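The primary structure of each chain is shown beneath.
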Amino acid sequence: MSVRDTLNQIEELVASSSHMWFTDRILINENDLIHLVEELRQELPLELERADQIMRERDTLILSAQQEADNIIKQAQQQAAQMVDENDLVVTAREKSQTVLHQAQQQEQEIIERTKQNARELQDNADRYANQVFDQLIAHVTNTFHGVQQAEAGLEQARQILMQAKAQMNQQAAAQAYAQSQPPAYNAES
């Protein structure tokens with residue numbers, strides 16, 4: 001029987017006992033009460049030992065639970081710190097990537113602008129060079145044309161001179177031929 005059961009029986013014994021008239025006293029069977037008290041004496045040390053053991057186990061469990069809770073809290077704090085660090089790293093990395101991206105876009109824009117400017121300058125230089133070449137070619141063709149015209153005029157003049165020279169030569173030849181075909185003239189003095 002447990003201590004609780006024994007105490008319940010003692011309580012029933014007291015409650016079911018006869019009251020003495022006009023007093024607060026009751027009549028209890030002495031043997032029943034002694035028997036129940038004896039049971040208490042036997043069970044109480046065992047119950048107290050069980051209670052001490054339960055208390056020790058409870059203290060051990062509480063200590064173990066407290067240590068586990070401390071470990072969990074410590075791990076949670078470490079994980080939180082790591083997450084904060086990782087979050088800081090992510091934020092820093094994002095900020096750096098945004099900065100690098102912005103710089104790359106600016107550099108890209110500058111390179112595009114420089115390339116366009118260089119292309120415009122090259123186009124302008126090529127156009128100027130082509131115009132210079134065309135101007136020189138036109139001047140050369142014009143000079144050549146004037147030279148050809150002058151040469152043509154000179155050739156015409158040379159042709160005219162040659163024709164005159166031919167005509168004079170033909171006249172002289174005809175005059176000589178005529179003179180040779182005529183009998184010699186008599187000299188009256190002879």
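Everything below is about the structure shown above.
Residues numbered from 1 in each chain as written. Predicted model: local features only at pLDDT ≥ 70, side-chain atom pairs only at ≥ 80, totals over all residues. Heavy atoms only, no water.

Participant: Help me out: how do you make sense of unusual backbone geometry in this one?
Facilitator: A negative phi angle is the norm for most residues apart from glycine, just as the trans form is the norm for most peptide bonds. Although it is not a glycine, Phe22 adopts a positive phi angle of roughly 65°. Relative to the helices and strands, Phe22 resides in the loop between strand E1 (18–19) and strand E2 (26–27). Given a relative accessible area of 82%, Phe22 falls into the exposed group. (Helix = DSSP H or I, 4+ residues; strand = E, 2+ residues; numbered from the N terminus. Buried < 20%, exposed > 50% of the residue type's maximum accessible area, 1.4 Å probe, protein only.)

Participant: What should I look at first to understand the pattern of salt bridges in this one?
Facilitator: Once the charged atoms of two side chains with opposite charge are near each other, the side chains can pair. Inspection of every chain in the model, using the stated rule, returns five salt bridges. Ionic pairing is found between Glu49 and Arg56, a salt bridge with its closest N-O pair at 3.5 Å. Residue classification places Glu49 among the partly exposed positions, given a relative accessible area of 43%. Of the charged contacts in the structure, one is a salt bridge between Arg58 and Asp59, with a shortest N-O distance of 3.1 Å. Accessibility expressed as a relative area gives 40% for Asp59, which makes it partly exposed. (Salt bridge = Lys/Arg side-chain N within 4 Å of Asp/Glu carboxyl O.)

Participant: Is there a simple way to think about the nonpolar core in this case?
Facilitator: Nonpolar side chains tend toward joint burial in soluble globular proteins. By size, the foremost hydrophobic cluster in this structure holds five residues: Val3, Ile10, Leu13, Leu36 and Leu40. Of all the secondary structure elements, the ones that give two or more residues to this core are helix H1 (3–16) and helix H2 (30–181). By residue number, the principal contributor to this core is H1, which donates three residues. Apart from the residues lying within four places of it in its own chain, the contact partners of Leu13 are Ile28, Asn29, Asp32, Leu33 and Leu36. (Core = buried A, V, L, I, M, F, W, Y, C linked by side-chain atoms within 4.5 Å. Contact = heavy atoms within 4.5 Å.)

Participant: For this particular structure, what's the right way to read H2?
Facilitator: The α-helix winds at 3.6 residues per turn, so residues separated by three or four positions along the chain end up facing the same way. The end-to-end C-alpha distance of H2 is 212 Å, a good match for the 226 Å that 152 residues give at a rise of 1.5 Å each. Remark: the principal bend of H2, roughly 30°, maps to Glu43, with a proline, Pro45, within the next four residues. Of the positions making up H2, those classed as buried are Leu36, Glu39, Leu40 and Glu43. Looking at the packing, one finds that the buried side of H2 touches H1. The distance from a side-chain oxygen at the start of H2 to the backbone nitrogen of Asn31 is 3.1 Å, and the residue carrying that oxygen is Asn29. (Expected span 1.5 Å × (residues − 1). Bend = angle between axes of the 7 residues up to and from the residue. Polar contact = N/O pair within 3.5 Å; in protein donor to acceptor, adjacent residues only side chain to side chain.)

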